[in-house]
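So you can see what is in the structure, the chains are spelled out below.
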Amino acid sequence: MRADLTASVVVFLVALPLCVGVAVASGVPAELGLVTGIVGGLVTGLLPGSSLQVSGPAAGLTVLVLEAVTEFGLGALGVFVLAAGVLQLVMGALRLGRWFRAISVAVVEGMLAGIGLVLIAGQLYAMADAKAPGSGPANLSGLPGLFIATAGSSAALTAFVLGAATVGLMAVWKHLPPKVRLVPAPLAAVALTTSAVALFQLPVKRVDVQGLLGVIRPPSTDDLGSIMEVGLVGAIGTVVAITLIASAESLFSAAAVDRLHSGPGTDYDKELMAQGAGNTLCGALGALPMTAVIVRSAANVQAGARTKASRVLHGVWLLLFAALVPAALGLIPVASLAGILVFSGWKLIPLKELGPLWRKHRGEALILVATAVAIVATNMFEGVLAGLLLAVAKTAWETSHVHVDTDQGPDRDGPVRVVLSGNATFLRLPRILDTLEKLPKDRHIELDLRGLKHLDHACSTALANWADRHNKKEGAARVLMPAA
């Protein structure tokens, strides 16, 4: 219990600024981030699945939540999160958790890279106490104007310097002496910038405080009506995107956490149900969606946690903070929280992995980049869907390798032998037919398909039609089919 108690305090100190920062970046009251962190500790933390990973609001869902709140309104958020939680419960009950491990790593990394780019572009505006235009392309195209406007305003420049100082402090923190690093980097950055703002009375925007009970808003029938007015298809897409991204991020985090300790491994189906239970309750409270977060989970393991008691206690500390000293949130500068998320967004971009991936698996690297670009250009759901389709197409192309060997023979009057081996699918059909059409029309052709591992219906039909056409000319064709 001593080890778990110490670890819970460390996780609380890491989680506190992140919960608040994710909420502010998502366009919702800061207290809603704390509500999700509390539920992640007190509810999901008690449930079976992964014993040491910690759940709460995550930067990976910030962009999606901001888009949903902007389009449908804050009241719709609870409906979306509640529906996503129920879907996770159903998927866990159907034992679908393990199938998330089948998602292409390139798509997942591309998704995180796209989120990181959109997050950085949006939070650069918050660092200058400015409002972001909205969409990913608009945010990116507006950055030059933002920098010009910031340089010409002392208040905006002051806020931007605070945010930049936060980013710099987060970047160099791991290089400082171990005794200094006992304080988590996000907490140190927020504490230092908050102290500077209070000491010098800097004119920067601070977190808006409403109180814990004041922000809890269960979904109502009016929220459902407003969702129907805006668009049911878009709402369904948002729910599916929250479900898939939250589930994938949680289960990938669980796999990473399992490698950090020697205790029991994760039961993926139970973990998916635990996440679903947490998101169902978060939705009922109108809070942010939750995922298992690798930063908090790694801090939990590294701090010496032994059981799930550490993550439950971290939820207790968040609850006590939100209930006893909520006014402390009103002292935090928004620019500092934006700096934390800019750094978090940068960490989501797999720059170190991209070079080796390009040298060894160029197709995977292209999928990663294409997924990230699609997310920036469109939105989260469409970008991830595009990445998944590219991954499926790449796999289909690679698994449809077919070898076509042609032997004209020493005797010009003898048969031409064509041997196909591998997998004959519709993707390779043009190549196969091009080879056959170039053969002499007046010679006997022996087409041997017995070396094929797979022959799909499209290829079988096309080859039969080719043989019929060849037999009507001066030559003849004999097709040796693979064994059934």
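Structural data are supplied above this passage.
Notes on the structure follow.

Scoring rules and cut-offs
The residue numbering used here restarts from 1 in each chain and proceeds along that chain's sequence as written. Local features in this predicted model are restricted to residues of pLDDT 70 or higher, and side-chain atom pairs are both shown and tallied only at a pLDDT of 80 or more, whereas totals for entire chains, interfaces and linings draw on every residue. For the side-chain quantities, the full set of heavy atoms in the structure was used; hydrogens and water were omitted. Note on definitions: the grid is 1 Å and covers protein atoms alone; a cavity is a set of points where a 1.4 Å probe fits but cannot get out; a pocket is an open set with protein on both sides within 12 Å along at least five of seven lines; lining residues have an atom within 4 Å of a point. Grid points are joined across faces, edges and corners, and a volume is the space filled by probe spheres set on the points. A run of H or I in DSSP becomes a helix once it reaches four residues, and a run of E becomes a strand once it reaches two; helices and strands are each numbered from the N terminus. Just so you know the grouping, Ala, Val, Leu, Ile, Met, Phe, Trp, Tyr, Cys and Pro go in nonpolar, Asp, Glu, Lys and Arg go in charged, and all remaining residues, Gly too, go in polar. The disulfide definition used here is simple: a pair of cysteine sulfur atoms within 2.5 Å. Each residue is assigned to one of three classes by its accessible area relative to the maximum for its type, calculated with a 1.4 Å probe on protein chains only: buried under 20%, partly exposed between the two thresholds, exposed over 50%. Following DSSP output, two strands are said to pair if at least two bridges run between them. Here is how to tell: hold the view so the strands point away, follow the path from the first strand over the helix to the second, and if it runs clockwise the crossover is right-handed. The span expected for a helix works out to 1.5 Å for each residue beyond the first. Here, residues are in contact when the closest pair of their heavy atoms is within 4.5 Å. Definition used for salt bridges: Asp or Glu carboxyl oxygen within 4 Å of a side-chain nitrogen of Lys or Arg.

Scanning the entire structure with this criterion turns up one cavity of 30 Å³ or more. Estimated volume of the largest cavity: approximately 60 Å³. Lining the largest cavity are Leu32, Leu74, Gly75, Gly78, Val215, Arg217, Pro218, Pro219, Asp223 and Gly286. Looking at which element gives the most residues to the lining of the largest cavity, the answer is helix α4 (residues 74-93), with three residues. For the lining of the largest cavity, the residue count by class is five nonpolar, three polar and two charged.

Here the focus is the state of the cysteines. As enumerated under the stated definition, the model contains zero disulfides in all. The thiol sulfur of Cys282 is not disulfide-bonded, and the nearest other cysteine sulfur, from Cys19, lies at 10 Å. Assessed through its relative accessible area of 0%, Cys282 is described here as buried.

With that settled, consider the pairing of strand β4 (residues 416-424). Pairing between strand β3 (residues 402-407) and β4: six bridges, direction antiparallel. Across the sheet, residue Thr406 finds its bridge partner in β4, namely Val418. As defined by bridge partners, β4 adjoins strand β5 (residues 445-455) across eight bridges and the pair is classed as parallel. For Val419, the partnering residue across the bridge sits in β5 and is Asp448. For the crossover from β4 across helix α20 (residues 429-437) to β5, the handedness is right-handed.

A separate point is helix α15 (residues 309-324). The end-to-end C-alpha distance of α15 is 22 Å, a good match for the 22 Å that 16 residues give at a rise of 1.5 Å each. Buried residues belonging to α15 abut α1 (2-25), α2 (30-42), β1 (54-56), α10 (212-215) and α14 (294-302).

For the rest of this paragraph, the subject is the pattern of salt bridges. Counting across every chain of the model gives seven salt bridges. Residue Glu364 pairs with Lys394 through a salt bridge whose shortest N-O separation is 2.8 Å. Linking Glu364 in helix α18 (residues 362-377) with Lys394 in helix α19 (residues 380-398), this pair joins segments that are 30 residues apart in sequence. The salt bridge partner of Arg450 is Asp448, with a shortest N-O separation of 3.0 Å.

With that settled, the discussion passes to the layout of surface pockets. The computed volume of the largest pocket comes to approximately 2,100 Å³. What lines the largest pocket is a set of 50 residues, among which Ile294, Val295, Ala298, Phe343 and Lys347 lie closest to the centre. Ranked by residue count, the leading element in the lining of the largest pocket is helix α16 (residues 334-348), at seven residues. Grouping the amino acids of the lining of the largest pocket by side-chain chemistry returns 37 nonpolar, four polar and nine charged. Forming the boundary of the second largest pocket are 50 residues, of which Ala25, Gly27, Leu66, Glu67 and Thr70 lie nearest the centre. Partitioning the lining of the second largest pocket into residue classes produces 26 nonpolar, 16 polar and eight charged.

This brings us to unusual backbone geometry. Even without a glycine there, the phi angle at Arg95 is positive, about 60°. Inspection of the secondary structure assignment puts Arg95 in the loop between α4 and α5 (105-127). For Arg95, a relative accessible area of 49% puts it in the partly exposed group. In this structure, Gln201 takes a positive phi of about 50° despite not being glycine. Judged by relative accessible area, Gln201 falls into the exposed class, the value being 59%.

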